[in-house]
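# Structure at a glance
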Amino acid sequence: VQVVESGGGLVQPGGSLRLSCTASGRILSIYAMGWSRQAPGKERELVATISKSGTPNYIDSVRGRFTISRDNAKNTVYLQMDSLKPEDTAVYYCNAEIFSLNGRRDYWGQGTQVTVSS
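Description of the structure in this document. Model, not experiment: these values are computed from the prediction.

Right, let's get into the packing of aromatic side chains. Tallied over the full model, the rule gives zero aromatic pairs. Against the face of Tyr 78 rests Arg 18, its NZ or CZ located 4.0 Å from the ring centre. The side chain of Arg 44 reaches across the aromatic face of Trp 108, ending 5.0 Å from its centre.

All right, on to the pattern of salt bridges then. In the structure shown here, the tally under the stated rule is five salt bridges. The partner of Arg 63 in a salt bridge is Asp 60, with the nearest N and O atoms 2.5 Å apart. Between Glu 97 and Arg 104 there is a salt bridge whose closest N-O contact spans 2.8 Å.

Here we take up the pairing of strand 1 (residues 2–6). Residues Val 3 and Glu 5 of strand 1 are buried on one face, while the alternating residues Gln 2, Val 4 and Ser 6, pointing to the opposite face, are not. Note that strand 1 and strand 3 (residues 17–24) share five bridges and pair antiparallel. Bridge pairing in strand 3 links Gln 2 to Ser 24.

This part takes up the nonpolar core. Counting 30 residues, the largest nonpolar core has Trp 35, Leu 79, Met 81 and Tyr 92 as its most contacted members. Elements that contribute at least two residues to this core include exactly strand 3, strand 4 (27–38), strand 5 (45–50), strand 7 (66–71), strand 8 (76–81), strand 9 (90–100) and strand 11 (112–116). Aside from chain neighbours lying at most four places away, what touches Leu 79 is Leu 17, Arg 18, Leu 19, Trp 35, Ala 48, Phe 66, Thr 67, Ile 68 and Tyr 92.

So, on to the state of the cysteines. With the rule as written, the count across this model stands at one disulfide. Cys 21 shares a disulfide with Cys 94; S-S distance 2.0 Å. Its S-S torsion of about -75° marks the bond between Cys 21 and Cys 94 as left-handed, since a negative value means left-handed. Taken together, the positions of Cys 21 in strand 3 and Cys 94 in strand 9 put the pair 73 residues apart, joining distant regions of the chain. Neither residue differs from the other here; Cys 21 and Cys 94 are each classed as buried.

Once that is clear, we can look at the sheet that holds strand 3. Read across the open sheet, the four strands follow the order 1-3-8-7; overall the sheet is antiparallel. The sheet is open, and its two borders are formed by strand 1 and strand 7, each paired with just one other strand. Each strand axis lies, on average, 15° off the axis of its neighbour in the sheet, ignoring direction.

With that settled, the discussion passes to unusual backbone geometry. The phi angle of most residues is negative, glycine excepted, and most peptide bonds adopt the trans form. With phi around 55°, Asn 75 is a residue other than glycine that occupies positive phi space. Tracing the backbone shows Asn 75 in the loop between strand 7 and strand 8. Overall, the relative accessible area of 24% leaves Asn 75 in the partly exposed class. Residues other than glycine seldom take positive phi values, yet Ser 83 does so here, at roughly 50°.

Cut-offs used in this document
- Residues numbered from 1 in each chain as written.
- Predicted model: local features only at pLDDT ≥ 70, side-chain atom pairs only at ≥ 80, totals over all residues.
- Heavy atoms only, no water.
- Phe/Tyr/Trp six-rings, centres within 6.5 Å; stacked < 30°, edge-to-face > 60°.
- Lys NZ or Arg CZ within 6 Å of the ring centre and 35° of its normal.
- Salt bridge = Lys/Arg side-chain N within 4 Å of Asp/Glu carboxyl O.
- Buried < 20%, exposed > 50% of the residue type's maximum accessible area, 1.4 Å probe, protein only.
- Helix = DSSP H or I, 4+ residues; strand = E, 2+ residues; numbered from the N terminus.
- Pairing = 2+ DSSP bridges.
- Core = buried A, V, L, I, M, F, W, Y, C linked by side-chain atoms within 4.5 Å.
- Contact = heavy atoms within 4.5 Å.
- Disulfide = S-S within 2.5 Å.
- Axes fitted to C-alpha atoms, helices over the stretch in contact; angles between N-to-C directions.

Rendered as structure tokens:
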């Protein structure tokens, strides 16, 4: 099983980016999926999660600016980030709770850099 993110990059303050994360392999079912981020010198923080049925949750600092969604047919989760701020700069990681032939556990992607700067 692999989880791979894409979509990071450099954007100006106020701009938008859309991150994608796709799980592949011998997957039987995917439960919760989410996005976390880690800024330089800071601990990793959970930004948003979405349940298998599509119920989202956000931390206060991104609520109203970020939107998490998923396409279960594609084993993919998205993070639409609007009104980006310099403090959103971080490496963003995707995670997925996956039930496979190896059992049920969390899988993490390698991370994608998001830089918000003028």
